[in-house]
Amino acid sequence: MAHNVKQEKVVRLLADEASSFSCLLDAVSPVQVMSFGGGVQSVAILVLSAQGKLPYKHFLFANVGDDSEYPGTLEYFRHVALPFAESEGLHLWEVRRRMKDGTPETLIGRLRRTKSSISIPIRMQNGAPGNRTCTTDFKIKVIAKELKEMGATKENPGIVGIGISTDEAHRANNRTVIAWERTEYPLLKLRLSRSDCARIIRDAGLPEPPKSACWFCPFHRPSEWQRLQREEPELFQKAVELERFINERRRRLGKDSVWLTRFGKPLDEVFSVTQTELPFELDNCESGYCMT
Ligand code: SF4
């Protein structure tokens, strides 16, 4: 109950801030884009923009790599969201992180290549997620670079819409480290929850997208790992092997083990038996660039 009251307060504050900030910037900002995460919230914003209820015309999908994004998200993006955006005259496109020589870098490629640090929120022995750079490097900076190329400047910052819904209002904070960018939260402004978003998508005649996140993300709920194991065993096995690969390399470097779940043991041991319930609540990507 206390959590709900706090959440409602955050929603009101951010909606008011977003509203006054947008009004201020609408007059001067040359650029306004939406960070398209590929999930329910982003797709609902796409639909609402097509219906003229939100002002976005440009949607940027920061793809962390075809080998790293959840395949269902890519499938939805290419076969549902893109054709829908095109038919509605909206501009939806992919942006990717590139290395110095210009070749695209993928998140799993970096995980396999970099020995000294782990970019994802890998879990320590106590279950807590470690520091991560994945969201910043593969999403926030990639979108910011595009925004700059579209004309945003420090003096005249562009606006990035983030698809955080009211049930996750605690993830919104209006903080940004990018000098030429400001963030806003259109779903908070409209007071829409995740289930409202799902209804908006269904009412538009579109299928609901799967939850968007990298298939190996340590922020997955146990129920998502269980679903993956049950419905997509090959992908689950790839995650098992990735965790094993990271730990074998760490062992060679004399470092302790780390995990994709909070349970302090290998993924295939955690889910070795069918469990109907696990004592658990999730950490989450607070930026709003992932899982929206
Ligand atoms: S979904 Fe998870 S692993 Fe992927 S970029 Fe976001 S926080 Fe990192």
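Residues numbered from 1 in each chain as written. Predicted model: local features only at pLDDT ≥ 70, side-chain atom pairs only at ≥ 80, totals over all residues.

A. Spatial organisation of the site of the ligand. In the vicinity of the ligand there are 13 residues, among which Cys134, Ala213, Cys214, Cys217 and Cys290 approach most closely. Of the residues assigned to the shell around the ligand, the class counts are 11 nonpolar, 1 polar and 1 charged. (Near = placed C-beta within 6 Å. Nonpolar A, V, L, I, M, F, W, Y, C, P; charged D, E, K, R; others polar.)

B. Molecular detail of helix 5 (residues 134-149). With 16 residues, helix 5 should reach 22 Å at 1.5 Å per residue; the first-to-last C-alpha distance of 22 Å fits that figure. Its maximal kink placed at Lys141, helix 5 deviates by approximately 30°. Listed as buried for helix 5 are Cys134, Thr135, Phe138, Lys139, Ile140, Val142, Ile143, Ala144 and Leu147. Packing partners of the buried residues in helix 5 comprise strand 1 (32-35), strand 2 (58-62), strand 3 (91-95), helix 4 (107-113), strand 4 (158-161) and strand 5 (181-184). (Helix = DSSP H or I, 4+ residues; strand = E, 2+ residues; numbered from the N terminus. Expected span 1.5 Å × (residues − 1). Bend = angle between axes of the 7 residues up to and from the residue. Buried ≥ 20, exposed ≤ 12 C-beta atoms within 10 Å, placed from the backbone. Contact = placed C-beta atoms within 7 Å.)

C. Main features of the confidence of the model for the protein. Residue-level pLDDT values for the protein average 88, and 85% of them are 70 or greater. Here residues 17-27 is modelled with pLDDT under 50, and outside its nearest four sequence neighbours on either side it reaches 11 contacts, counting other chains as well. (pLDDT = per-residue confidence, 0-100.)

D. Examining the nonpolar core more closely. With 69 residues, the main nonpolar core has Ala44, Phe59, Ile143 and Cys214 as its most contacted residues. Setting aside anything within four residues of it in sequence, one finds Ile143 in contact with Ser35, Leu60, Ala62, Val95 and Val160. (Core = buried A, V, L, I, M, F, W, Y, C linked by C-beta atoms within 7 Å.)

E. Local environment of the sheet that holds strand 5. The strand order across the open sheet formed by 5 strands is 3-2-1-4-5, and the pairing between neighbours is parallel. This sheet does not close on itself; its edge strands, each paired only once, are strand 3 and strand 5. Here the average twist between neighbouring strands, direction ignored, is 30°. Relative to strand 3, strand 2 runs parallel, the two being bridged by 5 bridges. Note that in strand 3 the partner of Ala62 across the bridge is Val95. Contacts from helix 5 reach strand 1, strand 2, strand 3, strand 4 and strand 5 within the one sheet, and its direction differs from that of strand 2 by about 140°. (Pairing = 2+ DSSP bridges. Axes fitted to C-alpha atoms, helices over the stretch in contact; angles between N-to-C directions.)

F. Representation of unusual backbone geometry in the model. Of note, the phi angle at Arg191 is positive, near 55°, even though the residue is not glycine. Position of Arg191 among the secondary structure elements: in the loop between helix 6 (186-189) and helix 7 (194-203).

G. Representation of the pairing of strand 4 in the model. Alternating positions in strand 4 separate into two faces, Gly158 and Val160 on one and Ile159 and Gly161 on the other, with burial throughout. Two strands pair when backbone bridges link them, and strand 1 and strand 4 are joined in this way by 3 bridges, in the parallel orientation. The partner of Val33 across the bridge, within strand 4, is Val160. Pairing between strand 4 and strand 5: 4 bridges, direction parallel. What sits directly across from Val160, in strand 5, is Thr183.

H. The arrangement of the environment of Phe138 in detail. Topologically, Phe138 is positioned in helix 5. Since 26 C-beta atoms lie within 10 Å of it, Phe138 is described here as buried. Residues Phe138 and Val64 lie 74 residues apart in sequence; the distance between their C-alpha atoms is 5.7 Å. If sequence neighbours within four positions are ignored, Phe138 has contacts with Ala62, Val64, Arg97 and Leu107.

I. Representation of the environment of Leu60 in the model. Within the secondary structure, Leu60 is located in strand 2. Exposure remark for Leu60: the 22 C-beta atoms within 10 Å place this residue in the buried category. Once residues within four sequence positions are removed from consideration, Leu60 is found in contact with Val33, Ser35, Phe36, Trp93, Val95, Ile143 and Glu146.

J. Inspection of the environment of Phe36 at higher detail. Tracing the backbone through its elements, the reader meets Phe36 in the loop between strand 1 and helix 2 (40-50). Taking the C-beta count within 10 Å as the criterion, Phe36 has 30 such neighbours and is therefore assigned buried. Taking C-alpha positions, Phe36 is 5.7 Å from Phe59, a pair spaced 23 residues apart along the chain. The contacts of Phe36, once residues within four sequence positions are left out, are Ser42, Phe59, Leu60, Phe61 and Leu92.

K. Fine view of the packing of helix 2 against helix 7. Look at helix 2 against helix 7: their axes get within 8 Å of each other, and the N-to-C directions meet at 50°. It follows that helix 2 is oblique to helix 7 by the angle criterion. Note on packing geometry: the crossing formed by helix 2 with helix 7 is left-handed. Note on element contacts: helix 7 touches helix 2 through Arg194, Cys197, Ala198, Ile200 and Ile201, opposite Val40, Gln41, Val43, Ala44, Val47 and Leu48. Broken down by class, the residue content of the contact of helix 2 with helix 7 amounts to 9 nonpolar, 1 polar and 1 charged. (Parallel < 35°, antiparallel > 145°, perpendicular 65-115°, else oblique. Left-handed = near helix turned anticlockwise from the far one by under 90°.)

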